[in-house]
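Report on the structure
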Amino acid sequence: MRVIAGTARSLPLVTPEGKDTRPTTDRIKETLFNIIQGQVGDSVFFDFFSGSGGIGIEALSRGAKKAYFVENDKNALNCIKQNLAFTKFTEKAVVMNRDVRDAIPLILEKADIIFMDPPYSAEIESDIMQLLLKSDCLKEDTVIIIEADKRRDFSFATAIGFRIIKEKQYKTNKHVFLSLDV
């Protein structure tokens, strides 16, 4: 795994060993950032269920001014810290060693982009989105991107106050782009 573009372009990133995390492949990461490239520069970027931190680091490399990394796995947290130090983005990062559900109420900054890649089998996207609605993290134009199993149905999103902007399907998973339904 590596940084695709920007100031840290081509730098390799370490990933946690084992099967507890599913690092987003370089190809999918490149597609994702091609879609949001106009919104990343000077943004506040949240990377929930961060794993190695590859998505948030990619955002920083492409010009995000700050990134929050929320992860509760100790091995993954060590990878995030190593990757931030190696790419020299530590000063632009806030690393939170917490469950995402516990971290959201503690974040007092508004996000421009929220990326989350929860465990597919947990099906906790709705819970996280409802917590975001109650938090101080959202602006009218905050974009939420969820990486999920391609069979996961997101029709629940409209019932809780979000609209689906776009879905990008891959072989086994997808990215769902959402915003507040204002």
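Read on for a plain summary of the structure. Everything quoted here is computed from the prediction, not taken from an experiment.

**Concerning the overall build of the protein**
Assigned secondary structure in the protein consists of 6 helices and 7 strands. Listed by position from the N terminus, the elements making up the protein come as α-β-α-β-α-β-α-β-α-β-α-β-β. Whereas a compact globule of 182 residues would reach a radius of gyration of roughly 16 Å, the protein reaches 15 Å, a difference of no more than 12%. Each of the three principal axes of the protein carries a C-alpha extent, and together these read 40 × 35 × 30 Å. Counting the 182 residues in the protein, one finds 51% classified as buried. Relative to all contacts within the protein whose residues are 6 or more apart in sequence, the contacts with residues 24 or more apart total 64%. With the model as given, the accessible surface of the protein reaches about 8800 Å², and the carbon-plus-sulfur share is 46%. A gap of 4 Å separates the mean positions of the 26 positive and 26 negative side-chain charges of the protein.

**Let's talk about the nonpolar core**
F46, F48, L132, I144 and F162 are the most contacted members of the largest nonpolar core, which totals 31 residues. Those elements that place two or more of their residues in this core are β1 (44-48), β2 (66-71), α4 (100-103), β4 (113-116), α5 (125-134), β5 (143-149), α6 (156-159) and β7 (173-180). When neighbours within four sequence positions are excluded, F48 is seen to be in contact with V70, V100, I104, I107, I114, F115, M116, D117 and L132. One finds I36, I57, A59 and A64 within the second-largest nonpolar core, a separate group that totals 24 residues.

**Remarks on the pattern of salt bridges**
Using the criterion set out here, one finds 9 salt bridges in the structure. The partner of D26 in a salt bridge is R2, with the nearest N and O atoms 3.3 Å apart. Of this pair, D26 sits in helix α1 (residues 26-40) while R2 is found in the segment before α1, placing the two residues 24 residues apart along the sequence. Between K139 and D112 there is a salt bridge whose closest N-O contact spans 2.3 Å.

**A closer look at the packing of α1 against helix α2 (residues 54-61)**
Interaxial distance between α1 and α2 falls to 11 Å at its minimum, and their mutual angle equals 45 degrees. Here α1 lies oblique to α2, going by the angle between them. Here α1 runs over α2; the crossing is right-handed. Two secondary-structure elements touch here, α1 through K29, L32, F33 and V40 and α2 through G54, I55, E58 and A59. Each residue belonging to the contact of α1 with α2 can be placed in one class, and the counts come to 5 nonpolar, 1 polar and 2 charged.

**Side note on α2**
For α2, the buried fraction is high: 8 of the 8 residues fall into the buried class. Residues G54, I55, G56, I57, E58, A59, L60 and S61 constitute the buried set of α2. For α2, the elements touching its buried residues are α1, β1, β2, α3 (74-87) and β4.

**Things to note about α3**
Its 14 residues give α3 an end-to-end C-alpha distance of 20 Å, which sits within 8% of 20 Å, the value for a rise of 1.5 Å per residue. Where α3 is buried, its residues touch α2, β2 and β3 (93-97).

**Points about the pairing of β3**
Note: β2 against β3, 5 bridges, orientation parallel. Looking across to β3, one finds that A67 is bridged to A93. The parallel pair β2 and β3 is bridged by α3, and the resulting crossover is right-handed.

**Brief notes about the sheet that holds β4**
What the 7 strands build is an open sheet, ordered β3-β2-β1-β4-β5-β7-β6; its pairing is mixed. Looking at the sheet topology across the chains shown, the edges are occupied by β3 and β6 (162-169). Pairs of neighbouring strands in the sheet enclose a mean axial angle of 15 degrees, with direction left out of account. Relative to β7, β6 runs antiparallel, the two being bridged by 7 bridges. Across the sheet, residue K168 finds its bridge partner in β7, namely H175. Most of the contacts of α3 go to β3, to which it runs at about 170 degrees, and overall it touches β2 and β3.

So, how was this worked out
- Residues numbered from 1 in each chain as written.
- Predicted model: local features only at pLDDT ≥ 70, side-chain atom pairs only at ≥ 80, totals over all residues.
- Heavy atoms only, no water.
- Helix = DSSP H or I, 4+ residues; strand = E, 2+ residues; numbered from the N terminus.
- Rg over C-alpha atoms; globule rule 2.2 N^0.38 Å.
- Buried < 20%, exposed > 50% of the residue type's maximum accessible area, 1.4 Å probe, protein only.
- Contact = heavy atoms within 4.5 Å.
- Areas by Shrake-Rupley, 256 points an atom, 1.4 Å probe, with all protein chains shown as cover.
- Lys, Arg positive; Asp, Glu negative; His and termini not counted.
- Charge placed at Lys NZ, Arg CZ, Asp CG, Glu CD.
- Core = buried A, V, L, I, M, F, W, Y, C linked by side-chain atoms within 4.5 Å.
- Salt bridge = Lys/Arg side-chain N within 4 Å of Asp/Glu carboxyl O.
- Axes fitted to C-alpha atoms, helices over the stretch in contact; angles between N-to-C directions.
- Parallel < 35°, antiparallel > 145°, perpendicular 65-115°, else oblique.
- Left-handed = near helix turned anticlockwise from the far one by under 90°.
- Nonpolar A, V, L, I, M, F, W, Y, C, P; charged D, E, K, R; others polar.
- Expected span 1.5 Å × (residues − 1).
- Pairing = 2+ DSSP bridges.
- Right-handed = clockwise from strand over helix to strand, strands pointing away.

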